[in-house]
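# Breakdown of the fold
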Amino acid sequence: MNLIRIEDPADPRVASFLDIRERDLVGRRDRFVAEGKVVLGALLKSARFRAESVLVLENRLAGLEETLRDAASDLPVHVVTSAVMDRIAGFHMHRGILAIGHKGEMPDTAALLDTLPESALVVVPIGIANHDNMGAIFRNAAAFAADAVFLDGTCCDPLYRKAIRVSVGAALRLPFSVFDDAADFIARLDARGFSQFALSPTGALNIRDVRRDGNTALYLGTEGEGLPAELMSRMQTLRIDMSAGFDSLNVAAASAIALHRFADFKR
């Protein structure tokens with residue numbers, strides 16, 4: 001390991017870690033922050049993303065020995081006291097582990113579709129703006145063996161620090177791409193023989209009555225407004241039946257139920 005002791009929060013070698021929350025808001029262009037041991041492990045194992053540097057509390061270093069075996073030998077691992085880390089981050093960092101990752105190029109949607117296996121299951125979030133929900137959708141997609149996530153351009157960034165943390169690193173493991181034209185994307189999946197389902201409280205079909213058959217796409221809309229009516233008119237609509245007087249679930253919870261229904265763990 002390339003261990004570097006940092007005593008001064010103003011040391012330029014840790015400038016990329018300064019004021020984490022403020023820079024969360026303005027964005028980091030082609031970089032992102034990974035937080036916590038599990039997420040760091042996912043980053044270091046990722047084929048798509050690259051770790052540029054690590055910042056770790058001195059009392060957490062010993063517990064990272066196995067995780068850091070997956071790191072490049074020249075990866076800078078900056079070691080600090082709790083007081084120095086808090087001054088660098090701008091708030092108390094009780095997890096004590098941060099890393100800067102490089103996003104690289106966003107995979108082309110068509111190219112990612114070409115890599116999918118036979119009888120693929122993909123998740124298609126539309127307009128998801130809440131980072132907790134986005135992270136949970138990725139976590140559920142990974143847990144229930146989805147092959148990829150395709151997001152429309154109005155969704156929030158799955159590589160936002162909180163979204164990655166909530167996903168437990170799944171956003172760094174599961175292939176994903178972003179498309180701008182939903183109508184064009186639906187047409188692409190139609191051409192590839194996908195069964196496309198829109199999840200909605202007003203869905204025509206009970207999800208219990210539908211089985212996965214070949215390539216399958218599951219569309220998830222934002223809470224409140226849901227999926228656009230024009231989009232839902234182009235595919236089958238599914239509902240999750242509930243008790244009388246209650247008609248909706250958080251999109252993250254709904255995604256877990258729907259993905260479990262379509263999961264195929266035998267592939």
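Here, every reference points to the structure presented above.
What you are looking at is a predicted structure, and each value in this text was computed from that prediction instead of being measured.

## A few points about unusual backbone geometry
The backbone of Asp-19 shows a phi angle near 50°, a positive value even though the residue is not glycine. Along the chain, Asp-19 turns up in the loop between β1 (2-5) and α1 (20-26).

## Overview of the packing of aromatic side chains
Counted according to the given criterion, the structure contains five aromatic pairs. Ring plane angle 90° and centroid distance 5.6 Å describe the contact between Phe-138 and Phe-176, whose orientation is recorded as edge-to-face. Of this pair, Phe-138 sits in helix α5 (residues 131-143) while Phe-176 is found in strand β8 (residues 176-179), placing the two residues 38 residues apart along the sequence. Like Phe-138, the residue Phe-176 is buried in the burial classification. Taken together through their ring pairs, the aromatic side chains of Phe-150, Phe-179 and Phe-185 make up a single cluster. Geometry around Phe-91 places Arg-21 over its ring, the cationic atom sitting 3.9 Å from the centre.

## Observations regarding the sheet that holds β8
Reading across the sheet, the seven strands line up as β8-β7-β6-β11-β9-β12-β10 and stay open at both edges, with parallel pairing between neighbours. In this open sheet, the two edge strands, each paired with only one partner strand, are β8 and β10 (205-206). Packed onto the sheet, α5 meets β6 (121-126), β7 (148-152), β8 and β11 (216-221) and runs at close to 155° relative to β7. Set on the sheet, helix α7 (residues 182-191) makes contact with β6, β7, β8, β9 (195-199) and β11; between it and β11 the angle comes to about 160°.

## Digging into helix α2 (residues 37-45)
Of the residues making up α2, those classed as buried are Val-39, Leu-40, Gly-41, Ala-42, Leu-43 and Leu-44. Residues of α2 that are buried sit in contact with β2 (31-35), β3 (50-57), β5 (97-102) and α6 (161-166).

## Brief notes about the side chain of Ser-53
Note that Ser-53 resides in strand β3. With a relative accessible area of 7%, Ser-53 lands in the buried category. Look past the residues within four positions of Ser-53 in its chain and what remains in contact with it is Ser-16, Phe-17, Leu-75, Pro-76, His-78, Leu-98, Ala-99 and Ile-100.

Quick notes on the rules
Residues numbered from 1 in each chain as written. Predicted model: local features only at pLDDT ≥ 70, side-chain atom pairs only at ≥ 80, totals over all residues. Heavy atoms only, no water. Helix = DSSP H or I, 4+ residues; strand = E, 2+ residues; numbered from the N terminus. Phe/Tyr/Trp six-rings, centres within 6.5 Å; stacked < 30°, edge-to-face > 60°. Buried < 20%, exposed > 50% of the residue type's maximum accessible area, 1.4 Å probe, protein only. Lys NZ or Arg CZ within 6 Å of the ring centre and 35° of its normal. Pairing = 2+ DSSP bridges. Contact = heavy atoms within 4.5 Å. Axes fitted to C-alpha atoms, helices over the stretch in contact; angles between N-to-C directions.

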